[in-house]
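In case you want the letters, here they are:
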Amino acid sequence: MGEDNRLADVVTLAQGMAAAHTPRESWRAAALGACRALDGSFAALSVWERELGRLRVLVNVGERAPDEEEFPEAESYPVHQFPEITEFLHERWAGGGGPNAWVETAEGPAAGTPGYFHQRVAALRRRGRGCCVVAPVVLHGRAWGELYVARPAGAPLFGRGDADFATVLAAVVAAGLAQTERLEEARRLAFTDALTGLANRRAVDVRLEEAVERHRAEGVVVSLVVCDLNGLKRVNDTLGHAVGDRLLERFGSVLSLCGAMVPGALVARLGGDEFCLLAVGRPADDVVKAADELCRRAAELELGEGVACGVASTGDPIGPVRSARRLFRLADAAQYRAKALRAERPVVAGREGPDDPVVRLADEASPAHGERRRFRGREP
């Protein structure tokens, strides 16, 4: 293979990883790029989990055997089955040796240092493969895992040049993984409330828009709980903001606990003393039950004065919900009524008859009449 072609393969692999939007897409792009660059039939990317003493497979691509899933949930191998994980990735490299790739064949060792390892050779034979090249992946100065590319039995064996090229590819993969980590961290920070660790308003905006689109297209039930933590201003004024922050953190933990009653629910801090819970595809009564438990637990919090909690669900008679903004207005109006009534339990939109006061309040709070708070979303 010419140098120009190999350079093009390196660029293609790097571009594939750079275009990935999720870690899974990045892993797949890495394995596919390496498989093509080395003219392999199969490739895998695995991570070394030191704390568990195992090599865990993240992705398998190419001609997979029946027992090889693309994104396996539980494909891992004890480190003792692969001595090179500790000896080559750690000890030899730390001792001055470079993290270079090596080749193994179904008949035993070929190019590279580590040599014959029964488990890998047995795996090659079992899956009809004739050879493989194994390239350590080093990230942030530490052995992270390995890139593995194989060819079928009868195909030309990998040589020393292939092993050297695999070492280069592993370095490119490491750079791509580092970029993916940075992007994931940036996304996490962009959608996370720094104080409580819950989702933030931006995350709710995005998820609620998506949920209402699903409701419109598929009829999926979407429920939103909006709650206001009572007594925070008094705590801040009398005991200081540090104590107020602790109250917010504790309430966030309670909200997270109650949110776990509704599988898949998103719990978030909207800002200040305002929080919410968003559930998709769950019965409205399940969400109301979680909100009721939230009110009970919040009332028991030290320093706080309970919570005003409003619920709006497309599973209740609240009229058509064509936009995220309308559902938010309904939940907000229910929370506003709960606060005005000093209610100890959630107020649920649409459950007080044909002339439901919450629905009426939400409709009166249309943009033409002003809203208590702005919501980034399309109008009905």
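We now turn to the structure provided with this report. Every chain is numbered independently, its residues counted from 1 as its sequence is written. With the structure being a predicted model, the display of local features is reserved for residues of pLDDT at least 70 and the display and counting of side-chain atom pairs for 80 or more, all residues being used for whole-chain, interface and lining totals. Calculation of side-chain values draws on the structure's entire complement of heavy atoms; hydrogens and water are dropped beforehand.

### Some words on the packing of helix α2 (residues 23-37) against helix α5 (residues 160-190)
Working step 1: Taken N-terminus to C-terminus, the directions of α2 and α5 make an angle of 165°; their axes are 10 Å apart at the nearest point. In terms of orientation, α2 lies roughly antiparallel with respect to α5. In this structure, α2 crosses over α5, and the sense of that crossing is right-handed. Between α2 and α5, the residues in contact are Pro23, Ser26, Trp27, Ala30, Ala34 and Ala37 and Phe165, Leu169, Val173, Gly176, Leu177, Thr180 and Glu184, respectively.
Working step 2: Here the term charged refers only to Asp, Glu, Lys and Arg, the term nonpolar to Ala, Val, Leu, Ile, Met, Phe, Trp, Tyr, Cys and Pro, and the term polar to all other amino acids, Gly among them. In terms of residue class, the contact of α2 with α5 is built from nine nonpolar, three polar and one charged. Where helices are involved, their axes are fitted lines through C-alpha atoms of the stretch in contact, as for all axes, and angles between N-to-C directions lie from 0 to 180°. The helix count covers DSSP runs of H or I at least four residues long, the strand count covers runs of E at least two residues long, and both are numbered beginning at the N terminus. Throughout, the term roughly parallel applies to angles under 35 degrees, roughly antiparallel to angles over 145, roughly perpendicular to angles from 65 to 115, and oblique to all others. In this scheme, a crossing is called left-handed if the near helix is turned counterclockwise away from the far one by less than a right angle; it is called right-handed if the turn is clockwise. Every residue pair with non-hydrogen atoms within 4.5 Å of one another is taken to be in contact.

### What about helix α6 (residues 201-218)?
Working step 1: In this analysis, the expected span of each helix is defined as 1.5 Å times one less than the number of residues it contains. Compared with an ideal rise of 1.5 Å per residue, which puts 18 residues at 26 Å, α6 spans 25 Å between its outermost C-alpha atoms and is within 8% of the ideal.
Working step 2: In this scheme, a residue with accessible area under 20% of its type's maximum is buried, one over 50% is exposed, and one in between is partly exposed, where area comes from a 1.4 Å probe on protein chains only. Within the span of α6, buried status applies to Arg201, Ala203, Val204, Asp205, Leu208, Glu209, Ala211, Val212 and His215.
Working step 3: Elements in contact with the buried residues of α6: β8 (222-229), β9 (266-271), β10 (274-280) and α10 (324-341).
Working step 4: Capping the start of α6, Asn200 holds a side-chain oxygen 3.2 Å from the backbone nitrogen of Arg202, two or three residues further along.
Working step 5: Gly219 occupies a position one or two residues after α6 and carries a positive phi of about 80°. Polar contact is defined as a pair of N or O atoms within 3.5 Å, subject to the rule that within protein one atom must be able to donate a hydrogen and the other to accept it, and that residues adjacent in sequence are counted only when both atoms are side-chain atoms.

### Some points on the pairing of strand β11 (residues 307-313)
Regular strands place their side chains on alternate faces of the sheet.
Working step 1: With seven of its seven residues buried, β11 lies for the most part within the structure.
Working step 2: Along β11, one buried face is formed by Val307, Cys309, Val311 and Ser313 and the opposite face, lined by Ala308, Gly310 and Ala312, is buried too.
Working step 3: At least two DSSP bridges between two strands are required for those strands to pair. Looking at chain direction, β8 and β11 are connected through seven bridges and run antiparallel. The partner of Leu229 across the bridge, within β11, is Val307.
Working step 4: Between the parallel pair β11 and strand β12 (residues 347-348), the chain is carried across by α10, and the sense of this crossover is left-handed. With strands facing away from the observer, any crossover in which the path from the first strand over the helix to the second runs clockwise is taken as right-handed.

### A look at the sheet that holds β8
Working step 1: What the five strands build is an open sheet, ordered β9-β10-β8-β11-β12; its pairing is mixed. If you trace the sheet from one side to the other, it starts and ends with β9 and β12, each paired once.
Working step 2: Of the strands in this sheet, β8, β9, β10 and β11 touch helix α8 (residues 241-259), which is tilted by about 15° from β10.

### Regarding the nonpolar core
Working step 1: Working definition of a nonpolar core: buried Ala, Val, Leu, Ile, Met, Phe, Trp, Tyr and Cys residues. They are joined through side-chain atoms within 4.5 Å. In terms of nonpolar packing, the biggest core is built from 40 residues, with Leu45, Val133 and Leu169 touching the most fellow members.
Working step 2: Put simply, the parts of the chain that give this core at least two residues each are α1 (3-18), α2, β1 (42-49), β2 (54-62), β6 (129-139), β7 (142-152) and α5.
Working step 3: The greatest single-element share of this core, amounting to ten residues, is contributed by α5.
Working step 4: Setting aside residues up to four positions removed in sequence, Leu169 forms contacts with Val10, Leu13, Ala34, Ala37, Leu38 and Leu147.
Working step 5: Val204, Ala308, Val321 and Ala334 belong to the second-largest nonpolar core, a separate cluster that totals 31 residues.

### Things to note about empty space enclosed by the protein
Working step 1: Residues are called lining when one of their atoms sits within 4 Å of a cavity or pocket point, these points coming from a 1 Å grid over the protein atoms alone, where a cavity is a set in which a 1.4 Å probe fits but cannot get out and a pocket is an open set with protein on both sides within 12 Å along at least five of seven lines. Grid points are joined across faces, edges and corners, and a volume is the space filled by probe spheres set on the points. One pass over the structure, following the stated rule, counts one cavity of 30 Å³ or more.
Working step 2: Taken as a whole, the largest cavity spans an internal volume of roughly 50 Å³.
Working step 3: Contributing elements (two or more residues each) for the lining of the largest cavity: α1 and α5.
Working step 4: The element best represented in the lining of the largest cavity is α5, accounting for six residues.
Working step 5: Of the residues that constitute the lining of the largest cavity, the class distribution is four nonpolar, five polar and two charged.

### Describing the pairing of β10
Working step 1: Counting buried residues along β10, six of its seven residues qualify, which places the element largely inside the surrounding structure.
Working step 2: As defined by bridge partners, β8 adjoins β10 across seven bridges and the pair is classed as antiparallel. Looking at the pairing, Val222 lines up with Val280 of β10.
Working step 3: Bridging between β9 and β10 involves five bridges; their strand directions are antiparallel. When the bridges of β10 are listed, Val267 appears paired with Leu277.
Working step 4: Hairpin remark: β9 followed by β10, antiparallel, with two residues in the connecting loop; positive phi at Gly272, about 55°.

### A closer look at the packing of aromatic side chains
Working step 1: Two aromatic rings from Phe, Tyr or Trp, using only the six-membered ring of Trp, form a pair when their centres are within 6.5 Å; if the ring planes differ by under 30 degrees the pair is stacked, by over 60 it is edge-to-face, and anything between is tilted. Enumeration according to the criterion identifies two aromatic pairs in this entry.
Working step 2: When the centroid spacing of 6.2 Å and the interplanar angle of 75° are considered together, the rings of Phe42 and Tyr148 count as edge-to-face. Taken together, the residues Phe42 in strand β1 and Tyr148 in strand β7 connect sequence positions 106 residues apart.
Working step 3: Given the relative accessible area of 2%, Phe42 is considered buried.
Working step 4: Taking the relative accessible area as the measure of exposure, Tyr148 reaches 11% and is therefore buried.
Working step 5: Between Phe251 and Phe275, the ring centres sit 4.8 Å apart and the planes meet at 70°, which makes this aromatic pair edge-to-face. In this pair, Phe251 is assigned in helix α8 and Phe275 in strand β10, connecting sequence segments 24 residues apart. For the pair Phe251 and Phe275, one class covers both residues: buried.
Working step 6: By the criterion adopted, a ring carries a charge over it if an Arg CZ or a Lys NZ lies within 6 Å of its centre and within 35 degrees of its normal. The lysine or arginine in question, Arg129, covers the ring of Phe42, its NZ or CZ lying 3.8 Å from the ring centre.

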